[in-house]
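A look at the structure
If you want the building blocks of each chain, they are given just below.
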Amino acid sequence: DQSRMANTMRGFMHVPAKFLGMQLTGGSSSTVDAFEKMRLAGAAARAVLIEAAALQLNENVSELSTDRGAVVSRSGKRLPYTELAQAAAAIDPPGNVALKPESEWTLLGKSQPRVDAVAKSTGTATYAIDVRLPGMLYASVKTNPHLGSAMNGFDDGRAKNMPGVKHVVPLVDGVAVVATNTWYAFQAVNAINFDWAKASYPPSTDAQFAHIDESFTEERQDSQKRDDGDVLQALDSDQSIEAEYRAPFLAHATLEPMTAAAWIKNGKLEVWAGHQNPTQIIKDGAEITGFSPDDIEVHTLLMGGGFGRRIEMDFVQQAIHVAKAVSGTPVKLTWTREEDTTHDVYRPAAIARFKGALADGMPTAMDLKISSLSVMESQMGRMGLPAAGADISLVQAAWDQPYDIPNYRVTGYRTPATIPVGYWRSVGGSQNGFFHESAIDELAAKAGADPMEMRLKMITDKPSRLVLEAVAARSDWGSELPAGHGRGVAFVLSFGVPVAEVVEVANTPNGIRIIKVYAAVDVGTALDPRNVEAQVESGINFGLTAAMMGEITLSNGRVEQTNFHNYGSIRMNQAPAIDVQILENQNSIRGIGEPGTPPAAPALANAIFAATGQRIRELPLNKHIRFA
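To keep things clear, this report deals only with the structure shown in the data block. (Residues numbered from 1 in each chain as written. Predicted model: local features only at pLDDT ≥ 70, side-chain atom pairs only at ≥ 80, totals over all residues. Heavy atoms only, no water.)

1. Comments concerning the overall build of the protein
Across its full length, the protein carries 17 helices and 23 strands. In terms of overall dimensions, the protein is globule-like: its C-alpha atoms have a radius of gyration of 27 Å, near the 25 Å expected for 628 residues. The principal-axis extent of the C-alpha atoms belonging to the protein is close to 80 × 75 × 50 Å. Counting only residues that meet the buried cut, the protein has 52% of its 628 residues in that class. (Helix = DSSP H or I, 4+ residues; strand = E, 2+ residues; numbered from the N terminus. Rg over C-alpha atoms; globule rule 2.2 N^0.38 Å. Buried < 20%, exposed > 50% of the residue type's maximum accessible area, 1.4 Å probe, protein only.)

2. What to know about helix H16 (residues 529-549)
Counted at 1.5 Å a residue, the expected span for H16 with its 21 residues is 30 Å, and the 30 Å between its end C-alpha atoms agrees. By the burial criterion, the buried members of H16 are Val532, Val536, Gly539, Ile540, Phe542, Gly543, Leu544, Thr545, Ala546, Ala547 and Met548. Buried-residue contacts for H16 involve strand E19 (497-508), strand E20 (511-522), strand E23 (577-583) and helix H17 (600-612). (Expected span 1.5 Å × (residues − 1). Contact = heavy atoms within 4.5 Å.)

3. Regarding the side chain of His252
Residue position: His252 is located in the loop between strand E10 (240-247) and strand E11 (259-265). Among all residues touching His252, those that are not within four sequence positions of it are Gly306, Phe307, Gly308, Arg309, Asp344, Val345, Tyr423, Trp424 and Phe542.

4. Let's talk about the packing of helix H9 (residues 278-289) against helix H10 (residues 314-325)
Here H9 crosses H10 at 35°, and the two axes come no closer than 10 Å. The way H9 lies across H10 gives a crossing that is right-handed. Residues Ile281, Asp284, Gly285, Ile288 and Thr289 of H9 pack against Val316, Gln317, Ile320, His321 and Lys324 of H10. Of the residues in the contact of H9 with H10, the class split is four nonpolar, four polar and two charged. (Axes fitted to C-alpha atoms, helices over the stretch in contact; angles between N-to-C directions. Left-handed = near helix turned anticlockwise from the far one by under 90°. Nonpolar A, V, L, I, M, F, W, Y, C, P; charged D, E, K, R; others polar.)

5. So, the sheet that holds strand E2 (residues 70-72)
Read across the sheet, three strands follow the order E1-E2-E3 without closing on themselves; strand pairing throughout is antiparallel. The open sheet has two free edges, formed respectively by strand E1 (65-66) and strand E3 (78-80), since each of these has just one partner strand. Inspection of the sheet shows E2 paired to E3 by three bridges, in the antiparallel sense. Residue pairing for E3: Val71 is matched across the bridge by Leu79. (Pairing = 2+ DSSP bridges.)

6. Here we look at the nonpolar core
Most often, soluble globular proteins have nonpolar side chains that are buried together. Within the largest apolar cluster, 77 residues are counted, with the highest numbers of intra-cluster contacts made by Phe354, Met452, Leu544, Leu604 and Leu621. Element by element, the count of residues in this core is highest for H17, at eight residues. When neighbours within four sequence positions are excluded, Leu544 is seen to be in contact with Ile514, Val517, Ile570, Pro576, Ala600 and Leu604. (Core = buried A, V, L, I, M, F, W, Y, C linked by side-chain atoms within 4.5 Å.)

7. Quick look at the pattern of salt bridges
Close approach of charged atoms allows side chains with opposite charge to pair. Per the counting criterion, the structure on display carries 24 salt bridges. Across the pair Arg617 and Glu442 runs a salt bridge, and its minimum N-O distance is 2.8 Å. Here the residue Arg617 occupies a position in the segment after H17, and Glu442 occupies one in helix H13 (residues 428-447), the gap between them amounting to 175 residues. Connected through shared salt-bridge partners, Asp213, Glu244, Arg246 and Arg353 make up one network. (Salt bridge = Lys/Arg side-chain N within 4 Å of Asp/Glu carboxyl O.)

8. A short note on unusual backbone geometry
Note the cis peptide between Leu619 and Pro620, where omega equals 0°. Tracing the sequence through the fold places Pro620 in the segment after H17. Positive phi outside glycine occurs at Arg68, with the angle close to 50°. By the secondary structure assignment, Arg68 is in the loop between E1 and E2.

These results come straight from atomic positions and should not be treated as a statement about function.
Right under this line is the structure:
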């Protein structure tokens, strides 16, 4: 929406954001938020560097330019920024600076070498798990596997006498063990006997889905962001279809388990963590220690995977509590992989009910109802904040798709809270893209229409149409395929970015093999095309992993998956070649960390249908079909 009202509201939201004092990364918002601000800051810095050089050279500002980290005079004399910085810092920056037009950009819009590439490639990059401090001790935790429930008691008699163990620190819902190395801490924490309080939520996967299914009621309706035409009348047709889709709970499964280091000394707190919300660490640290925020320093490190998991505070709060218990000694807390997998804030499970109708080979009605737990309610509750209003993530990437269907309704239903759920890469789009684009594909199949052509006829947004046309051309859509092969297409607009993907699969004697994925995206302005391409590839592989095999299940109130042996990920021998095309037809710049994920699952499922005739309406797909 580029109306005056929409843009006024976007501008207004910068005001309360300043008072929240929050610095975080999420929602593919960093580029959108920082693009103009960083350019203005850079232009202001450039202006004062030139002014400092003009004073030093006794020349007019208009006679100076900048080039590769230096101010340059007309005679060719170069003054490096490093020599001018001190003088420039004493000059008030201009209130108004002119930004270079795109035609004069020399770096923006071009792929740049990654300054962290060497460190990440040689194992010398510092993540939280790599932190070493003088005299540091090491900790791990074990908390109630019935998520959110308390600890009645524990017996640490064996653990506290194990090699290397220094302290046993009780927590509200579990225990931390502090030892002389991480392995000793892992062994000791697993040697403690616990009396856990039982779960208060539905204890099994089936019970959880029954709970979600029961929420399709008027009382649980959370939002109805789209209600065009007369859906009920249009559905009264002999060309109508209906279906139900399901998506499971998912873990983030970051390669680096939750880790943070903390050190309390001389009335000050230091924290080292790879985190998506470092300013919240200061607030929580002040609450736990009683220190002034001015006495708290946070070192924000590289993250070994975030995907929304490292916006949470649980592991950092635990590290600070342990540091408080061993005040004066630095301590690094690392979760075991098992703790990490069984104590995530999961992508919520969801159910969608779909009805649609056709006339003259085109959709005339779509009614999509989605029931799921609320990420906003769960996450705000953990932060001690109210979750006012509707949770738009329940219907994200479903109600706002630019399809021209005259009778079009999307309704979200909020399931009462059970296990903790959180932001997972692309949030509601991750499941709703599968629901919505599976439904569109089913309408095309019912009509006997080409699924690409039908989408192109319905698309009302020009940049969205162009990404579909681009991916159709790139994938050679419509050309003949070998026997047993199939192509599937999906389009999802999320985070303001239209993304179209085509997946080609082969039905082999060993199962379905993904041959290639084609993607076209429109970010408005591609600041670093190679980085955009990498993010899209990453998002696709993330989405394919979830589609093929991702599933968290519960039994007796506990998560059953514990490590990568039973919570798998796509491997190199299964990962397809990926072709990414970047378009720049939108008026505004957009972020790209998340939008590549939502189309992956429906494009794969639609390709399997094209290759086998089997329509799969439940994720993960490997519950119904084998992958090579």
